[in-house]
Structure formats: C-alpha cells, structure tokens
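Each chain is listed here by its residues.
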Amino acid sequence: MRSSKSRSRNKNRNTRPTGGNIINRVFDSSGPDGKVRGTPQQIIEKYNQLHRDAQLSNDRVNAENFAQHAEHYTRMLAEAQREVDQRRDEQEMQNRERQAERDRERQDRFSAQETASNVPGSGDQPDSAPDIMGDLDESDSGLVETPEEKPQRPRKPRAPRKPRPAPDAGNTPEAAE
C-alpha cells in the first residue's frame, strides 16, 4: 500500500495549464469578498457587480478594491485578445502567401502547357509510333478484345422444367390430433 506522502506529492503535479487560451480558461480569483471563479469575462462582470453594490452601500474602499480587481482581469482579457488577434493575422498572412505561391505555380503550369500546345511537333505523344512488333497485318491492332466487341451468339431456348414428384402419403408425418 502506498504511503500518504507519496500520494500528496503526486496530487498537484501538472495541474497548472501551460499557456493556452486564457479567454476561455477558468480562474479562481481570491478577492476581498471571497473567491470568485469563472472565465475572465465572468470574473469581470462579478467584480463590476460587487463594485456597484459597494457604491450603493457607500463603501468607497471596497468599491475601489472591486474596481481594481475588475480592471486587472479586463487588462488580462485585453492582452489575451491582442495575442489571439495577432496569431490570427499571422496565420492569415501565411495562408495568403501559400495561396499566392499556388496561384503562381498554377499559372506557370498553364503557360507551359500553352507554349507546348502552340509549338508544332512538340506534342505529348508522337504522331506515329515505331513498329516494335515487326510487320503485323493490319487486322491486328495490338488491342485487347473486350466482350462488348465480340459478336453475340444466338441463345438456345431452355428445356422445360421437370415436374416435382408428388408427396408420398406414406412418408409424410401426420399431424397429431
């Protein structure tokens, strides 16, 4: 059986997220009024509500404290949003560059095909193939004959079916009554 010390040492390993999406990450904020848990946007809304409540109760110290907490998470959210926007812009720029490269390659291939088709005698296939099989007669083109090309033979009519023998009265089991 394991000791409790080894379990407690392993319990908190790798529980902190490494980077990732701060916008959707859940935070535990230890504010003056207890813990506030949620995404940055939810925490901002909660601290703004606590700020308004403290202002209504004429508690200027707590109101300022809640406002500072809300401002902290607002700055965190704004920075994370800037990073996301920057990553998106970089990705879009890379995609545009890749697409431009593909377009250039496609245009080069098209122009190469155009020049090849415009030059006489430089087609993809030669006009006449050399006779590598020797002198063959004209009827043998070297192509394989397919079933569609073969002439069809007339079919013979089928023979009629033989009648089935009638069930024998002595061999069939009778139903129990």
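Model, not experiment: these values are computed from the prediction.

Peer 1: Any details on the pairing of strand S2 (residues 34–38)? Residues and values, ideally.
Peer 2: Looking at chain direction, strand S1 (residues 27–31) and S2 are connected through 5 bridges and run antiparallel. When the bridges of S2 are listed, Phe27 appears paired with Gly38. Taking the residues between adjacent antiparallel strands as the criterion, S1 and S2 are bridged by 2 residues.

Peer 1: Any details on the side chain of His51? Residues and values, ideally.
Peer 2: Note on placement: His51 falls in helix H2 (residues 40–56). Overall, His51 belongs to the buried group, its relative accessible area being 18%. Those residues within four positions of His51 in sequence are excluded, and the remaining contacts are Ala63, Glu64, Phe66 and Ala67.

Peer 1: Give a detailed account of H2, specifying residues and quantitative values.
Peer 2: Helix length check: H2, at 17 residues, gives a terminal C-alpha distance of 24 Å against a target of 24 Å (1.5 Å per residue), a fit within 8%. Of all the residues in H2, the buried ones are Pro40, Ile43, Ile44, Tyr47, Leu50, His51 and Ala54. Buried residues of H2, seen end-on, are gathered within an arc of 130 degrees and therefore sit on one face of the element. Packed against the buried residues of H2 are S1, S2 and helix H3 (60–118). Asn58 sits one or two positions beyond H2 and adopts a positive phi of about 60 degrees.

Peer 1: Any details on the pattern of salt bridges? Residues and values, ideally.
Peer 2: This structure, assessed with the given rule, holds 8 salt bridges. Where Glu101 meets Arg104, a salt bridge forms, and the shortest distance between an N and an O atom there is 2.6 Å. Of the two residues, Glu101 and Arg104 both sit in helix H3, 3 residues apart, roughly one turn of that helix. Glu101 sits in the partly exposed class, given a relative accessible area of 36%.

Peer 1: A description of the packing of aromatic side chains should follow, citing residues and the corresponding values.
Peer 2: The tally for this structure, following the rule as stated, stands at 3 aromatic pairs. Between Tyr47 and Tyr73, the aromatic rings sit 6.4 Å apart at their centres with planes inclined by 25 degrees, giving stacked as the arrangement. Residue Tyr47 is located in helix H2, and its partner Tyr73 is located in helix H3; the two are separated by 26 residues in the primary sequence. Here Tyr47 falls in the buried class, since its relative accessible area comes to 1%. A relative accessible area of 8% means that Tyr73 is categorised as buried. Counting every residue linked through ring pairs, the aromatic cluster contains Phe27, Tyr47, Phe66 and Tyr73.

Quick notes on the rules
- Residues numbered from 1 in each chain as written.
- Predicted model: local features only at pLDDT ≥ 70, side-chain atom pairs only at ≥ 80, totals over all residues.
- Heavy atoms only, no water.
- Pairing = 2+ DSSP bridges.
- Helix = DSSP H or I, 4+ residues; strand = E, 2+ residues; numbered from the N terminus.
- Buried < 20%, exposed > 50% of the residue type's maximum accessible area, 1.4 Å probe, protein only.
- Contact = heavy atoms within 4.5 Å.
- Expected span 1.5 Å × (residues − 1).
- Arc of directions from axis to C-beta.
- Salt bridge = Lys/Arg side-chain N within 4 Å of Asp/Glu carboxyl O.
- Phe/Tyr/Trp six-rings, centres within 6.5 Å; stacked < 30°, edge-to-face > 60°.

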